[in-house]
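Summary of the model geometry
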Amino acid sequence: MSLKWTSGLMRRSHQVDTKMEIIMEDQIKLDNQVAQYAPILEQGQVGQIGQVETQSATLLQKLNITNLSEVDSEPIEWLWPKVLPKGCFVLLGGPPEQGKSTVTLDIAARITTGSEWPVCNQKAEEGFVTIINTEDDQVRTIKPRLEAAGAKTENIQVIDGLKDYQSFDISRHKELLIREVFESEKKPSLLIIDPLSEFLGSFSSHNNTETHKAMAEVVRLANEYSVCILGIMHLNKTNYTTAIDKLNGSVGFGAKARVVYFILKDPEDDENRLMLPVKNNLAPKSPGFSFRIRDNPDSKMGVGNVCWSSEYETRSADSLFQENLHISSRNHELDSAYREFLSSGRKKSKEVSNYLGELGYTEKQIRSSGDRLGVVKYKDGPIFYHELPSPNSSKP
């Protein structure tokens, strides 16, 4: 293998303003680098040529350095004041069946009609919305919910894959998304990805490095095309008391988002839902909201819509998770006491109430514990009894 051939093989060029130019100074460095490794090559140790290529390629790399005097400062612009910033990635998380998708469609409807945002009464800037969703049926779920929310459906488009029935993901089809969505006449001001993890390509969502790489493209697209990208995520089942740690998968998801909100059930009202701020890097204080999903009598499909409270919600997501953790611990203690009291056999209902009541538990808490334990309650003569479920139950 000749040194001349090797030197030619190792020459590299890089793209500057879309034109390929040979940088002579770098070329000299490459030739010197090849000459340095010439003895290795002449000895036939071709396997080490990869080391030469790696070091030579590094010589061509340049740092992207910006002098801040050349940059113009820009104010934060908001789709929804202090909630949805333009040109940023936002996360909306929550347990299943708490209304995440319904809320995102209510948000979409307000943008398509320029309607008022909840509580603040500022009108949305009318625009287009694109939804990436393969889980919900467009005919039976997405469109009926949008209609119930009063959306202009002509201003909304849904992506559920490619026309050749391939699945869509941003990593492989970024250029398609740019050409057919971000550079189209109906360029959206809001892009909803529901659920987020399904459309990021093949990567380990629990690996921080891989998650950061996958999310970097989403963040770049939001910034470059001034689109708010709203990703929907589930929460994990761990007993963290800090809300941001409840996001399913790597911490990289929460780290890349500029704003994070959670939708949670109100522990004081089973019908009420809370939309609470978890993180906001762009506003000093994010507002919290509450809402109910109620039947819409005007909906031919029997679909409910979101009814927002007229006041801000002051509770925090962290406090709710801490409270839930306390309740979970308290329930465990109650269940243990209840089980132990019945372990010696059936007890009269009044004895159960007196014993557990002295420990500080209410009748409602005792009933809930009995349901969790599967306690058998029955009447024997004039007396009511409680007994643990067993094949040898004394229940008549």
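Residues numbered from 1 in each chain as written. Predicted model: local features only at pLDDT ≥ 70, side-chain atom pairs only at ≥ 80, totals over all residues. Heavy atoms only, no water.

1. Section: the overall build of the chain
Regarding its fold elements, the chain presents twelve helices and 16 strands. Buried positions account for 41% of the 396 residues belonging to the chain. Contacts in the chain between residues at least 24 apart in sequence constitute 63% of all its contacts with a sequence separation of at least 6. Just so you have it, the chain exposes about 22600 Å², and 47% of that area is on carbon and sulfur atoms. (Helix = DSSP H or I, 4+ residues; strand = E, 2+ residues; numbered from the N terminus. Buried < 20%, exposed > 50% of the residue type's maximum accessible area, 1.4 Å probe, protein only. Contact = heavy atoms within 4.5 Å. Areas by Shrake-Rupley, 256 points an atom, 1.4 Å probe, with all protein chains shown as cover.)

2. Quick look at the packing of aromatic side chains
Counted under the stated rule, the structure contains nine aromatic pairs. Taking the centre distance of 6.0 Å and the plane angle of 80° together, the rings of Phe289 and Trp308 count as edge-to-face. In this pair, Phe289 is assigned in strand 12 (residues 289–295) and Trp308 in strand 13 (residues 304–308), connecting sequence segments 19 residues apart. Note on Phe289: relative accessible area 1%, which makes it buried. Judged by relative accessible area, which is 16%, Trp308 ranks as buried. Among the aromatic residues, those joined into a cluster by ring pairs are Trp80, Trp117, Phe289, Phe291, Trp308 and Tyr312. Lying across the ring of Tyr385, Arg346 places its NZ or CZ 3.8 Å from the centre. Between Lys347 and the ring centre of Phe341, over which it is positioned, the NZ or CZ distance is 5.2 Å. (Phe/Tyr/Trp six-rings, centres within 6.5 Å; stacked < 30°, edge-to-face > 60°. Lys NZ or Arg CZ within 6 Å of the ring centre and 35° of its normal.)

3. Brief notes about the sheet that holds strand 13
Spatial strand order, 7-6-8-9-5-10-11-12-13: nine strands in an open sheet with mixed pairing. Two strands lie at the open edges of the sheet, namely strand 7 (156–159) and strand 13, each paired on one side alone. Put simply, the sheet's adjacent strands are angled 20° from each other on average, direction ignored. Strand contacts of helix 7 (residues 170–182): strand 6 (128–133), strand 7 and strand 8 (188–194), with the helix running at about 150° to strand 8, the strand carrying the most contacts. (Pairing = 2+ DSSP bridges. Axes fitted to C-alpha atoms, helices over the stretch in contact; angles between N-to-C directions.)

4. Comments concerning the packing of helix 7 against helix 8 (residues 208–224)
For the pair helix 7 and helix 8, interaxial distance at closest approach is 11 Å and the crossing angle is 10°. Classified by the angle their axes make, helix 7 and helix 8 are roughly parallel. Read as a crossing pair, helix 7 and helix 8 show a hand that is right-handed. Taken together, the residues of helix 8 that come into contact with helix 7 (itself represented by Ile170, Lys174, Leu177, Ile178 and Phe182) are Glu217, Val218, Arg220 and Leu221. Here the residues of the contact of helix 7 with helix 8 are counted per class, giving six nonpolar, no polar and three charged. (Parallel < 35°, antiparallel > 145°, perpendicular 65-115°, else oblique. Left-handed = near helix turned anticlockwise from the far one by under 90°. Nonpolar A, V, L, I, M, F, W, Y, C, P; charged D, E, K, R; others polar.)

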